[in-house]
Structure formats: structure tokens, C-alpha cells
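Spelled out from the first residue to the last, the chains are:
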Amino acid sequence: MILVSGDVERHIRAEGEKWYPDECCGFLLGQIDESGRRRVEDILPVPNAGQAEERHHRFRIEPDDFMRAERQARLRGLDVIGFYHSHPDHPATPSEYDREQALPFYSYVILSVRRGASAEISSWELSGDRALFNHEELECAAQHRARKRRY
Amino acid sequence: MAVTILIPTALRAFTDRKAEVEVEGGTAGEAIAAFAGAYPDIRNHLYDDGGNLRSFINIYVGEKNVKNASGLETPVPDGETVMIVPAIAGGKAPAPDCGARSNDKGRRP
Ligand SMILES: [Zn+2]
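Every chain is numbered on its own, with residues counted from 1 as its sequence reads. All chains are assigned letters beginning with A, and all ligands numbers beginning with 1, in the order in which they are written. Whole-chain, interface and lining totals are the exception, using all residues; otherwise, since this is a predicted model, local features are given only for residues with pLDDT of at least 70 and side-chain atom pairs are given and counted only at 80 or more. Heavy atoms throughout the structure, all of them, feed into the side-chain values; hydrogens and water do not.

## Some words on the coordination of the zinc ion
All names here are of chain A. Listed as protein donors to the zinc ion are His85 (NE2), His87 (NE2), Asp98 (OD) and Asp98 (OD); their distances from the metal cover 1.9 to 2.6 Å. A donor here means any N, O or S atom no more than 2.8 Å from the metal (3.2 Å for Na, K and Ca); water is not included, so a site may seem to lack partners. A four-donor site is classed as tetrahedral when every donor-metal-donor angle falls between 85 and 135 degrees; four donors are called square planar, and six octahedral, when trans pairs exceed 155 degrees and all remaining angles lie between 65 and 115, with any other arrangement labelled irregular. Every donor counted, the 4 donor atoms about the zinc ion form angles of 55 to 163° at the centre, which fits irregular coordination. Each donor residue of the zinc ion belongs to the same chain, and together they define the spacing H-x1-H-x10-D. Here His85 is found in strand β5 (residues 79-88), whereas its partner Asp98 is found in helix α3 (residues 96-101), with 13 residues between them in sequence. Secondary structure follows DSSP: runs of H or I at least 4 residues long count as helices, runs of E at least 2 residues long count as strands, and numbering of each begins at the N terminus.

## Focus on the sheet that holds strand β2 (residues 20-24) of chain B
When DSSP finds at least two bridges between two strands, those strands are taken to pair. One open sheet accounts for 5 strands, arranged β2-β1-β5-β3-β4 (chain B); its pairing is mixed. Looking along the sheet, the strands with just one partner apiece sit at the ends: β2 and β4 (64-65) of chain B. Sheet analysis places strand β3 (residues 57-61) of chain B next to β4(B), joined by 2 bridges and oriented antiparallel. If you follow Tyr60(B) over to β4(B), its bridge partner there is Asn65(B). Throughout, a contact is declared for two residues whenever any of their heavy atoms are within 4.5 Å. Orientation is described by axes fitted as lines to C-alpha atoms, over the contacting stretch for helices, and by angles from 0 to 180 degrees between their N-to-C directions. In the packing of helix α2 (residues 63-75) of chain A onto the sheet, contacts are made with β1 (2-6), β2, β3, β4 and β5 (81-86) of chain B, and the angle to β5(B) comes to roughly 120°. Each of β1, β2, β3 and β5 of chain B touches helix α1 (residues 28-38) of chain B; the most contacted strand, β2(B), lies at about 115° to it.

## Overview of the pairing of strand β7 (residues 117-126) of chain A
Residues and elements named next belong to chain A. Sheet analysis places strand β6 (residues 107-114) next to β7, joined by 7 bridges and oriented antiparallel. When the bridges of β7 are listed, Leu111 appears paired with Ile121. Taking the residues between adjacent antiparallel strands as the criterion, β6 and β7 are bridged by 2 residues, where Arg115 takes a positive phi near 50°. Where β7 lies against strand β8 (residues 133-136), 4 bridges are found, and the strand directions are antiparallel. Note on β8: the bridge partner recorded for Glu125 is Asn134. Adjacent in sequence and paired antiparallel, β7 and β8 are bridged by 6 residues, among which Arg130 carries a positive phi angle near 70°.

This is the structure in C-alpha cells:
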């Protein structure tokens, strides 16, 4: 389960719309409690480092940006608990490429942006054997509602 | 010389949840090797079968990527931090065909 505040959700949606028709990307900074529940406290948007002609369907995060995000998170008593990216005019489900590139443990939040307007948002976690990208329940705190998706 | 390894969240399952670990080493390569020696389960995540560091793993000494310095020979001053940073990518497009792009990502753990 991953908990996202209303502010964080709005921020992710704004980033997705701002960079449409390109994919946006960034870090999820937050905490994980003893029961494994994840809470996103803030996001850290970074430029999509993919090639200009690829950015509409790919994202890449520069290692330098990851290094800075780790440092910033540690200074604030938070951890990098995952990443977000957008799927312009595409469902918020991970692609095969997403799965191949993913790392276990991290939460991968995906936002669908349709014709420039943010749509559904979901979160995914790679299985330990890398075979499956499992859906992770994403709760948006301010709205007092849980968004659930099935395969 | 004592250096501090900063461990990304995803690898803390192998370090008893520790976010940083102190090891001995005069170069980035020595420090990472000492770290992998202390936590053998992490070895496979950092090195390929040939014993080379996996290509999607970046090592930082302070705020410098060793790829832009002397690689694993990059000296680490006493008390400096060494950070393990994975490369992150994805996107809605399906995976490219073989040969369409150079594939130097290597196999992920
Ligand atoms: Zn994607």
C-alpha cells in the first residue's frame, strides 16, 4: 500500500500535464513504516534525460539526479521509495519496457495523461524474480478514497 | 582508510536495513569490494558473472561519478562517502528490437 497526499497527487498530475506530450519523471520521497506501508511525503521532479525524439514514449533519469535526490532525501530524514512517470495518451499500466528496466523494491507510480489532461494514476512494484509488475494499492489521502485497479 | 558507503533504499534488504556502512578502502573499487565482502548477498546485484561492476550501477565518490574520473581506481579520501546509484529508465513504448539500440544495460539482478 502506498499513501499519497492530495498535494503530492496534484503535483504529479501538474508535472504530467506540464510535460505532455513528453513523459515526465521524478522521485518519490517518503517513508516506509514497520508494516511496510509506504507514504510519499514529497516528489522531486527531474528532467527526462531521454533523447528528444524518444521522450514521448520513454524516460530516463540521470544518475547525477539520483545522487542528488538521495542526498536531499537523507538531509530531510526521508528515503527515495520510488519513481513516478507519465504515459501520454496511454493507460497507466506498465509496459514491457518498464518491467525490463525496473528494480525490485521501489514503487513505480504511473500517471496517464490524455490529450494533455491527467487521468488515472496507479502504482506498481516489481516481483523479486522480476517476472511480474504487481499492482500496488494507491491511496490518495486528502480525497479519502482509494483508487483500485485490477489487471 | 575509513569510507562511508551510502546504500540506496532498494539494497537495504541486504544490509540489515542499514542506510550507510563504514568500510576500509583507498579507491572506489576497494570500498565497493569491501562492502560486497561484508554483505555477500549483495554481490550478485553489483557485479556480473565476470566480476565486473554491472553497467547500470554508478558509483559516486562524494558528488562525482567515477565514470567521469578514474573509474574504480578513483581515490577515496579518508572520511569521504561512496554512493551506489542505479540507472533508472522506462516508458510506455515496447522494448526496442534487437539491434535497434545498443544494449549495454546488462542483465538486472
Ligand atoms: Zn511506463
